Amino acid sequence: MTETTHTLKSTVFTRTMLTCVFTGFASGLPLYTLINLVPAWLRSEGVDLKSIGLFALIQLPFTWKFLWAPLMDRFVPPWLGRRRGWMLGTQLALIATMAGFGLYAPQQDIWSIAALAVGVAFFSASQDIVLDAYRREILQNHELGLGNTVHINAYRLASLIPGSLALILADHLPWATVFAVTALFMLPGVAMTLVVSEPKLVGAAPRTLREAVVEPFHEFITRSGWKAALTILAFIFLYKLGDSMATALATPFYLDMGFSKTEIGLVAKHAGLWPAVFGGLLGGVWMVKLGINRALWAFGVIQVVSIVGFAWLAAEGPFQDIGADELTMLAAVIGFEALGVGLGTAAFVAYIARTTHPAYTATQFALFTSLAAVPRTVTNAGTGFLVEAFGWVPFFWLCTALALPGMALLWKVAPWGAEEDA
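The rules behind the values
Residues numbered from 1 in each chain as written. Predicted model: local features only at pLDDT ≥ 70, side-chain atom pairs only at ≥ 80, totals over all residues. Heavy atoms only, no water. Salt bridge = Lys/Arg side-chain N within 4 Å of Asp/Glu carboxyl O. Buried < 20%, exposed > 50% of the residue type's maximum accessible area, 1.4 Å probe, protein only. Helix = DSSP H or I, 4+ residues; strand = E, 2+ residues; numbered from the N terminus. Contact = heavy atoms within 4.5 Å. Polar contact = N/O pair within 3.5 Å; in protein donor to acceptor, adjacent residues only side chain to side chain. pLDDT = per-residue confidence, 0-100.

**A short note on the pattern of salt bridges**
Next, step 1: The final tally for this structure, using the stated rule, is 5 salt bridges.
Next, step 2: One salt bridge connects Asp73 with Arg82, and the closest N-O pair in it is separated by 3.2 Å.
Next, step 3: The buried category is assigned to Arg82, whose relative accessible area is 10%.
Next, step 4: A salt bridge links Glu137 to Arg83; its shortest N-O distance comes to 2.8 Å. Within this pair, whereas Glu137 is found in helix 7 (residues 110-138), its partner Arg83 is found in helix 6 (residues 82-100), the two being separated by 54 residues in sequence.
Next, step 5: Arg83 sits in the buried class, given a relative accessible area of 1%.
Next, step 6: The structure contains a network of salt bridges with shared partners spanning Asp73, Arg82, Arg83 and Glu137.

Spelled out as structure tokens, the structure:
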């Protein structure tokens, strides 16, 4: 057995990686319930599309979660410890609130449903804060790439519960039962919380709320100076910007190219999910050998090239007749983009985890991931105006160009040949 093989096997087949499977699944289930199951429920009950569209605003807690992350660093629940206590509390709250949708009728209780959805988003974002911190604290630096990859892919696979199983059940069972069954899929996460150990505390826990709020930001800014801190924040904002914008209007783009909703659904479901899962797993394994810095370069190039696929499809379409060749083109574009997302996200999240200081994981991780979510929740709002003004082909070339500044910043934040901590 070679040393490399031994290192790979000893990294992959561990209790820590199994834990990351459970953290990912527990993290993804509530979000996909909000973005897949709840809109399907509302539409099937006759709620208009404008009202359903406004439900996208319930994702704002994921952008602002860094505001209350210091509270989860400062205060310790009276059960299970600082990390596991908050994990259990948020998970039990999610079970109750997710099941609570079944108590309402969309036509009569739309505002109550909206308030409940905000509650689910808040508890889901709060669970993400503590799960991200916990994962950073149990993973060694050389495990960050693979561990976060396992988490991300379990996160994606969780979408199959509210996005597939629950919709099938809805054809045969009352919606109240569907939401109750969906909520019960949080129980594996609860079981994980009860079984795992509390991570070792690095440094002293914050003694005051001011220390919990100020010190994480002070440490980050003074670590290498404010210029380096701003460079890192700019990189976190820009690295996924082009890819995020390119996929913001993916479904309307496919429709404009002449594909039917059924064709998009069948192709996107398989060509989008599984390449992303495969890309993430492949990226995690590669990172064990490459290291995070080289992975950001290599996977970032694939991520940029995948955007070009959309420009190619836009230049070839719109199609008057859809046959096997056109569906193959659609699958190739969706699949390659999903592969690029899987690879790029694996390296990106590992970089964010590495950038956090072990003593301030919850607040710093929440800050970085909140900033990374800004393109998805804010910048993408203007993509429709850009397409209307320039057309699809120039729009996708613009997205490709916007992906390049993030790559250029790699010279500063993750040089190819720089040594990484073991």
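**What to know about the side chain of Thr400**
Next, step 1: Tracing the chain through its elements places Thr400 in helix 21 (residues 392-408).
Next, step 2: Setting aside residues no more than four positions away along its own chain, Thr400 makes contact with Val304, Ile307 and Val308.

**Quick look at the environment of Ala248**
Next, step 1: Its location among the elements puts Ala248 in helix 14 (residues 241-248).
Next, step 2: Residue class for Ala248 comes out partly exposed when judged on its relative accessible area of 32%.
Next, step 3: As a C-alpha pair, Ala248 and Gly382 span 134 residues in sequence and 9.8 Å in three-dimensional space.

**Structural notes on the side chain of Asp73**
Next, step 1: Tracing the backbone through its elements, the reader meets Asp73 in helix 5 (residues 69-74).
Next, step 2: On the basis of relative accessible area, Asp73 is assigned to the buried category, the value being 1%.
Next, step 3: One polar contact links Asp73 to Arg83, side chain to side chain, over a distance of 3.0 Å.
Next, step 4: Looking at Asp73, its side chain comes within polar contact range of the side chain of Thr363, at 3.4 Å.
Next, step 5: Setting aside residues no more than four positions away along its own chain, Asp73 makes contact with Arg82, Arg83, Pro206, Tyr360, Ala362 and Thr363.

**Topic: the confidence of the model for the protein chain**
Next, step 1: Looking at the protein chain as a whole, the pLDDT averages 83, with 89% of positions reaching at least 70.
Next, step 2: Element-level mean pLDDT values for the protein chain span from 52 in helix 1 (residues 3-12) up to 96 in helix 11 (residues 187-195).

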